[in-house]
Amino acid sequence: MTERMTAREVIALVADGFTPLPPPPDASRTDGTAVDGDGTAVDGPLGWTGYDDSRARASARTGEDESILCGTAEVGGRACVLAVFEFGFLGGSLGRATGDRIVAAYAAAAELRVPLVSLVATGGSRMQEGMIALGQLQRVAAASVRLRAAGVPQIAVLRDPTTGGGWATVGAGADVTLALPGAQVAFAGSRVRPPDADPAAYTAEDQYAHGHVDALVAPARLRDTLASWLRLLAPDTGVAGHDGTPAPPPYALRDLPLPATGWEAVLRARAADRPRAGAYLDAYFEVRAAIRGDRAGGADDRVECGLGLHEGRVVAYAAQDGGATRPAGFRTVVRLLGLAERLGIPVLTLIDTPGAANDAAAERAGAGPAIAQAFAAIAGARVPVTSLVVGEGGSGGALALAAPGATWVTPDGYFSVIAPELAARILKLADEQVPETAGQLRLRPQDLVELGAARGVVGVAGSSGHPAEPA
C-alpha cells in the first residue's frame, strides 16, 4: 500500500500554486435535507441518523468542509484546474456537495481552456445520501463529456485507494490515467470483494498490466510527469491544436541504395541490426510520453503510442516495433487516434510488423474487429495522418496503420500483401522459389512508389532527397 497523503499534501507535492475555486452556491449544505413529521430537520437527504455529526467530525479532523478540493494551479509552470480528493473526509466519498464541486471544476477547465487534473482517492459513493450520492456519477460523466466536446484534456492520478464510482468516472474516464505504485485501484472496494478474490487484481500494478492505466508514477516523479503531460496536451498556445499541416515523415536512419531485388528488400527489413521504431522515435521527438493499453483488459508491448514534441510541435504517434501486432495493440492505436482527434493533433504512424498476431488467443481477443476498428479510425480521421514503413509491412496488420495517400517507406522497408514464404506455401511452390516469389510480389520501396502504394522513399537527413518529397 502506498503512503496516504492528505489533499493539501498532494497539492503541495505537485503544484507551484493553488487558488481554490469558489464553492458552488449549494455546496456548503447537505442537499435535500429531510424533515420529520413536525418539520424538524434530520440528518441529510435520507434522514441518516448521525450523518451530520460524522461530517462535523470529518471536518474537524481534516480541516476541510468536503471530500474534495478544487482550484486553479500551475504544475511545472503549466496552468490547470486541480480536483483533489481528501480521503480523510468520509473516505473521499462522493455526495451531492462533492458532485457540485467536481462539476464546477470541469466547467472551470472548459471556460479557462486548461486541462483538468484529478488526483483521486475515494471509496466511492456516500451511503448516507443514497441514490442522491449515486446519481453524482451521472453528473460527473456528463461534465466529462462536455469537457471532451470542448477539446480540453483530462488527466487522472490514482492514489490509494481509488475504488467505486470515483474510479469508474473521474479516474477511468480521463484521457491519460496515471497511478501511484501500490495503490488500491478497483471498482470493488476492499470490504465488498469476494472472499476468494485474487488480491493482485485490485492493485494499480494489475490495472497497468491489463491496459487500464498508462503509467505507474512514484510520488517523487509525479510533479515532473504531470508537467510533461501538460506540456504535450496543452502547449503554450492553449490546448493542443494544429493548423491542418501533416506531421512530416522522419528521415531514414541508414543511408542505403534501393534494393536490387524483392528478396534483398525482405532480408534488409528482417536484419537484426536494422533500426527499429524506438530509434526513429528517439530521433524524431525532443520529448515524448506514452499511453498504454486498450482500456478493455489488454496491452500490447509491441506497439507504442503517445504524444511527443517534434520541432516544438505536438504530434501523436503509434509505432509497431517489429513483432506481430495483437488486438490490444490495434485498439490502443484507435484510442490514440480518438485522443488526437479531440485535441486536434496530427498523427504519425510507424509501420513495422510481419503481420497481425494469428494465434488462437488473438482470434479470441477479437483480432478481426480490432483491425477493422483501426482501419475505420485511420479512414475517418479528421486530423492529418502520416505513415512511414520502417521495416516489415506485413499484410493487413501493417496496412491498418497506413494512411492512404500519405504513406512513405525507408530504403530498408517493404510492404506486401503476404510474406513471400506464405505466398509460396499457398501456391505450393518449392522453398527455393521464395526469392523469386518476393520479386513477383513487387514489394520493394521503389515498387511501392510505382504502384501508388507509397508516396515516396525517404532519405537520410542532409541527403538530396527530402522526406516530404518522393525519391
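Definitions and limits used
Every chain is numbered on its own, with residues counted from 1 as its sequence reads. A pLDDT threshold of at least 70 governs which residues receive local features in this predicted model, and a stricter bar of 80 or more applies before side-chain atom pairs are shown or counted, although totals over entire chains, interfaces and linings include all residues. Excluded from the side-chain calculations are hydrogens and water; all other atoms, namely the structure's heavy atoms, are used. Within 6.5 Å between ring centres, the rings of Phe, Tyr and Trp (the latter by its six-membered ring) count as paired, and their orientation is classed by plane angle as stacked under 30 degrees, edge-to-face over 60, tilted in between. Each residue is assigned to one of three classes by its accessible area relative to the maximum for its type, calculated with a 1.4 Å probe on protein chains only: buried under 20%, partly exposed between the two thresholds, exposed over 50%. Strands are runs of DSSP state E lasting at least 2 residues, helices are runs of H or I lasting at least 4, and numbering of each runs from the N terminus. Between N-to-C directions, angles cover 0 to 180 degrees, with each direction set by a line fitted to C-alpha atoms, over the stretch in contact for helices. These descriptions rest on fixed angle ranges, namely under 35 degrees for roughly parallel, over 145 for roughly antiparallel, 65 to 115 for roughly perpendicular, and the rest for oblique. Contacts are residue-level and defined by heavy atoms, with any inter-residue pair within 4.5 Å sufficient. Charged means Asp, Glu, Lys or Arg here, nonpolar means Ala, Val, Leu, Ile, Met, Phe, Trp, Tyr, Cys or Pro, and polar covers whatever is left, Gly included. With a 1 Å grid laid over protein atoms only, a set of points is called a cavity when a 1.4 Å probe fits there but cannot get out and a pocket when it is open yet has protein on both sides within 12 Å along at least five of seven lines; lining residues have an atom within 4 Å of a point. Grid points are joined across faces, edges and corners, and a volume is the space filled by probe spheres set on the points. Multiplying one less than the number of residues by 1.5 Å gives the expected span of a helix. In this description, the arc belongs to the directions extending from the helix axis to the C-beta atoms. Per residue, pLDDT measures the predictor's confidence, with a range of 0 to 100.

Engineer: Whenever I open this one, the packing of aromatic side chains confuses me. Can you help?
Structural biologist: One pair of aromatic rings is described through two measures. These are the centre distance and the angle between the planes. A full pass over the atoms with the stated rule returns two aromatic pairs. When the centroid spacing of 4.9 Å and the interplanar angle of 85 degrees are considered together, the rings of Tyr-284 and Phe-285 count as edge-to-face. Residue Phe-285 is classed as buried on the basis of its relative accessible area, which comes to 7%. Summarising the aromatic geometry, the rings of Phe-285 and Tyr-317 are spaced 5.2 Å apart at their centres and angled 45 degrees between planes, so their arrangement reads as tilted. Taken as a pair, Phe-285 in the loop between helix H10 (277-284) and strand E9 (287-291) and Tyr-317 in strand E11 (residues 313-320) lie far apart in primary sequence, 32 residues in all. Judged on exposure class, the residue Phe-285 and its partner Tyr-317 are both buried.

Engineer: It is not clear to me how the packing of helix H1 (residues 7-14) against helix H8 (residues 219-233) should be interpreted in this structure. Could you clarify?
Structural biologist: A pair of packed helices is captured by two measures, namely the crossing angle of their axes and the spacing between those axes. Following both chains from N to C, one finds H1 and H8 inclined at 60 degrees, their axes separated by 8 Å at the closest point. It follows that H1 is oblique to H8 by the angle criterion. Contacts from Ala-12, Leu-13 and Val-14 in H1 reach Pro-219, Leu-222, Arg-223 and Leu-226 in H8. Tallied by class, the residues present in the contact of H1 with H8 amount to six nonpolar, no polar and one charged.

Engineer: Explain the layout of surface pockets to me, please; I cannot follow it from the model alone.
Structural biologist: Here the idea is plain: a probe the size of a water molecule rolls over the atoms and shows the empty space left. The calculated volume of the largest pocket comes to roughly 660 Å³. Looking at the largest pocket, it is lined by 22 residues, and the ones nearest its centre are Gly-123, Gly-124, Met-127, Thr-163 and Arg-191.

Engineer: Even after reading the chapter, I still don't get helix H2 (residues 51-62), so can you show me in this structure?
Structural biologist: Taking 1.5 Å per residue as the helical rise, H2 with its twelve residues ought to reach 16 Å, and the 16 Å between its terminal C-alpha atoms agrees with that figure. Residues of H2 that are buried: Tyr-51, Ser-54, Arg-55 and Ala-58. Looking straight down H2, one finds that the buried residues subtend no more than 100 degrees of arc, so they occupy a single side.

Engineer: In this structure, what is going on with the confidence of the model for the chain? I would like to understand it.
Structural biologist: Parts of the model with low pLDDT should not have their predicted coordinates read in detail. Counting all residues, the mean pLDDT for the chain is 92, and 92% of those residues have values of 70 or more. Contacts of residues 27-32 to residues separated by more than four positions or lying in other chains number 15 contacts, the stretch itself having pLDDT below 50. Here residues 35-40 scores under 50 on pLDDT; set against residues more than four positions off or in separate chains, the count is five contacts.

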